[in-house]
Amino acid sequence: MTSELRGGGLIRLRLGRSSAPAWAIPVWATLCGAIASGGLSPTLTDGGRLLLTMLLVDAGWGPLWGALATTDWAAPLRRWRNWRLDTPIPPLPYVRPGSPGDRLARWLAQLWAWAKTVLAPVAGHGLGTTVAGLTLSLVLATALGPDLLMLTVGGLALMQLALVTDRGRGQVSPGWDGPLRLGLPWLAGHLAFAPPTLPSAALAAAFSLTAAGAGSAHRPQGRALWAAGQLTAAALFLPLHRPLVVPFLALTLVPQLLLPGRSDNPHRWTRVAWAWLGTGMLLASWAV
């Protein structure tokens, strides 16, 4: 997985880099989720709430996920397992050698030396971005209400699962970007204005499947995943008794399938296809 530093020091993942501006994907998904909720109205109150939700998913969840997924946490932890402090530690007053207080002081001294020598140089930036993103996420989610707070906690659990599968090496599969950079923002936009509904959640999952194929869309497998998510989203309108929506969503998919895929420029295909996908997402959110 590739990453880059943008303004403000925020780490952005390949899902945004390969196609659209980094902020556009989660922000657009948040808008679509808000429209799908049916509770968004053209008032200053709702406009401010929508902006806060967009700030949550982009400035809170975005850098938090970026730092967790692209930082090699395993390297400093491996050094800690065999870490020994060679310099002698001055004995604390009124503490006997070998006592619990003496052992605790030695352990804290080793931890401090490891943090300065190993953790800060290797993962200091990622750790700082993680703390900042987590703090901002919790503050904004709390201000927006218990539904967004619970969704934030669920997103944190999903991020931890991604780190476990990667063993903390900072090379998380770009397939995780789909639910974390598109699916969860869609749900955040919906929950900001209305209780959850199954059709909206199903659309969020379908478009997450599409976004999961963005990282390898220059390959047949990635393009198949990209198309499968949109076909699934279109098929969801059949049990909703809105079959007229299906051909319109299919019309947004056809230009994407006709785009030539070239392995020498893997980002060209998704740069063009994201515009059509965004149109399909907006149409689906309005029709649901």
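Here goes a summary of the coordinates provided. (Residues numbered from 1 in each chain as written. Predicted model: local features only at pLDDT ≥ 70, side-chain atom pairs only at ≥ 80, totals over all residues. Heavy atoms only, no water.)

1. Re the overall build of the chain
Summing up its helical and strand segments, the chain has eleven helices and two strands in all. For the chain, the succession of helices and strands along the chain, N to C, is β-β-α-α-α-α-α-α-α-α-α-α-α. Carbon and sulfur atoms provide 68% of the accessible area of the chain, an area that totals close to 14,600 Å². (Helix = DSSP H or I, 4+ residues; strand = E, 2+ residues; numbered from the N terminus. Areas by Shrake-Rupley, 256 points an atom, 1.4 Å probe, with all protein chains shown as cover.)

2. With respect to helix H2 (residues 24-37)
The end-to-end C-alpha distance of H2 is 20 Å, a good match for the 20 Å that 14 residues give at a rise of 1.5 Å each. Burial runs high along H2: eleven of the 14 residues are buried. Note on H2: the residue one or two positions beyond its end, Gly 38, has a positive phi of about 75 degrees. (Expected span 1.5 Å × (residues − 1). Buried < 20%, exposed > 50% of the residue type's maximum accessible area, 1.4 Å probe, protein only.)

3. Some details on the environment of Thr 135
Position of Thr 135 relative to the elements: it lies in helix H5 (residues 100-144). The spatial distance from the C-alpha of Thr 135 to the C-alpha of Leu 64 is 9.5 Å, given a sequence separation of 71 residues.

4. Concerning the nonpolar core
Here is a general trend for soluble globular proteins: nonpolar side chains tend to be buried in one another's company. Among the nonpolar cores identified, the biggest contains 34 residues, and Leu 56, Trp 61, Trp 65, Leu 148, Leu 151, Met 159 and Val 172 are the most heavily contacted of them. Those elements giving two or more residues to this core turn out to be H2, helix H3 (44-70), H5, helix H6 (146-166) and helix H7 (177-191). Per-element accounting of this core gives the leading share, nine residues, to H3. Of all hydrophobic cores here, the second largest spans 24 residues; its members include Cys 32, Leu 182, Trp 226 and Val 245. (Core = buried A, V, L, I, M, F, W, Y, C linked by side-chain atoms within 4.5 Å.)

5. As for the packing of H2 against H3
Between H2 and H3, the least distance of the axes is 9 Å, while the angle of their chain directions is 140 degrees. Considered as vectors, H2 and H3 are oriented oblique to each other. The chirality of how H2 crosses H3 is right-handed. Mapping the contact onto sequence places Pro 26, Val 27, Thr 30, Leu 31 and Ala 34 in H2 and Leu 50, Thr 53, Met 54, Val 57 and Asp 58 in H3. By residue class, the composition of the contact of H2 with H3 is seven nonpolar, two polar and one charged. (Axes fitted to C-alpha atoms, helices over the stretch in contact; angles between N-to-C directions. Parallel < 35°, antiparallel > 145°, perpendicular 65-115°, else oblique. Left-handed = near helix turned anticlockwise from the far one by under 90°. Contact = heavy atoms within 4.5 Å. Nonpolar A, V, L, I, M, F, W, Y, C, P; charged D, E, K, R; others polar.)

6. Structural notes on the packing of H7 against helix H8 (residues 198-212)
Contact geometry of H7 with H8 gives a least axis separation of 8 Å together with a crossing angle of 160 degrees. Taken together, the axes of H7 and H8 lie roughly antiparallel to each other. Our pair here, H7 against H8, has a crossing hand that is right-handed. Contacts from Gly 178, Pro 179, Leu 182, Gly 183, Trp 186, Leu 187 and His 190 of H7 reach H8 at Ser 200, Ala 201, Leu 203, Ala 204, Phe 207, Ser 208, Ala 211 and Ala 212.

7. A short note on H8
Here H8 is 15 residues long and its end C-alpha atoms lie 21 Å apart, about the 21 Å a rise of 1.5 Å per residue gives. Every buried residue belonging to H8 is among Ser 200, Leu 203, Ala 204, Ala 206, Phe 207, Ser 208, Thr 210, Ala 211 and Ala 212, and all of these are buried.

8. Side note on the pattern of salt bridges
Evaluated as defined, the whole model comprises one salt bridge. When the shortest N-O distance is used, the salt bridge between Asp 166 and Arg 169 registers 3.7 Å. Taking the relative accessible area as the measure of exposure, Asp 166 reaches 5% and is therefore buried. (Salt bridge = Lys/Arg side-chain N within 4 Å of Asp/Glu carboxyl O.)

9. A look at a nonpolar patch on the surface
A cluster of nonpolar residues, Leu 104, Trp 107 and Leu 108, forms a patch on the protein surface that exposes about 310 Å² of accessible area. On the secondary structure map, Trp 107 appears in helix H5. (Patch = residues over 30% accessible without salt bridge, like charges linked within 9 Å, V, L, I, M, F, W, Y side chains within 5 Å.)

10. Looking at the packing of aromatic side chains
With the rule as written, the count across this model stands at two aromatic pairs. Residues Trp 226 and Trp 274 carry aromatic rings whose centres are separated by 5.3 Å and whose planes lie at 85 degrees to one another, so their mutual orientation is edge-to-face. Residue Trp 226 is found in helix H9 (residues 220-235), and its partner Trp 274 is found in helix H11 (residues 266-287); the two are separated by 48 residues along the sequence. Trp 274 matches Trp 226 in its accessibility class, with the two residues each being buried. (Phe/Tyr/Trp six-rings, centres within 6.5 Å; stacked < 30°, edge-to-face > 60°.)

11. Section: unusual backbone geometry
Glycine aside, residues mostly have negative phi, and peptide bonds are mostly found in the trans state. For Arg 167, which is not a glycine, the phi torsion comes out positive at approximately 60 degrees. Position of Arg 167 among the secondary structure elements: in the loop between H6 and H7. What makes Arg 167 exposed here is its relative accessible area of 68%. One non-glycine residue with positive phi stands out, namely His 241, at about 60 degrees. Relative to the elements of secondary structure, His 241 occurs in the loop between H9 and helix H10 (245-258).

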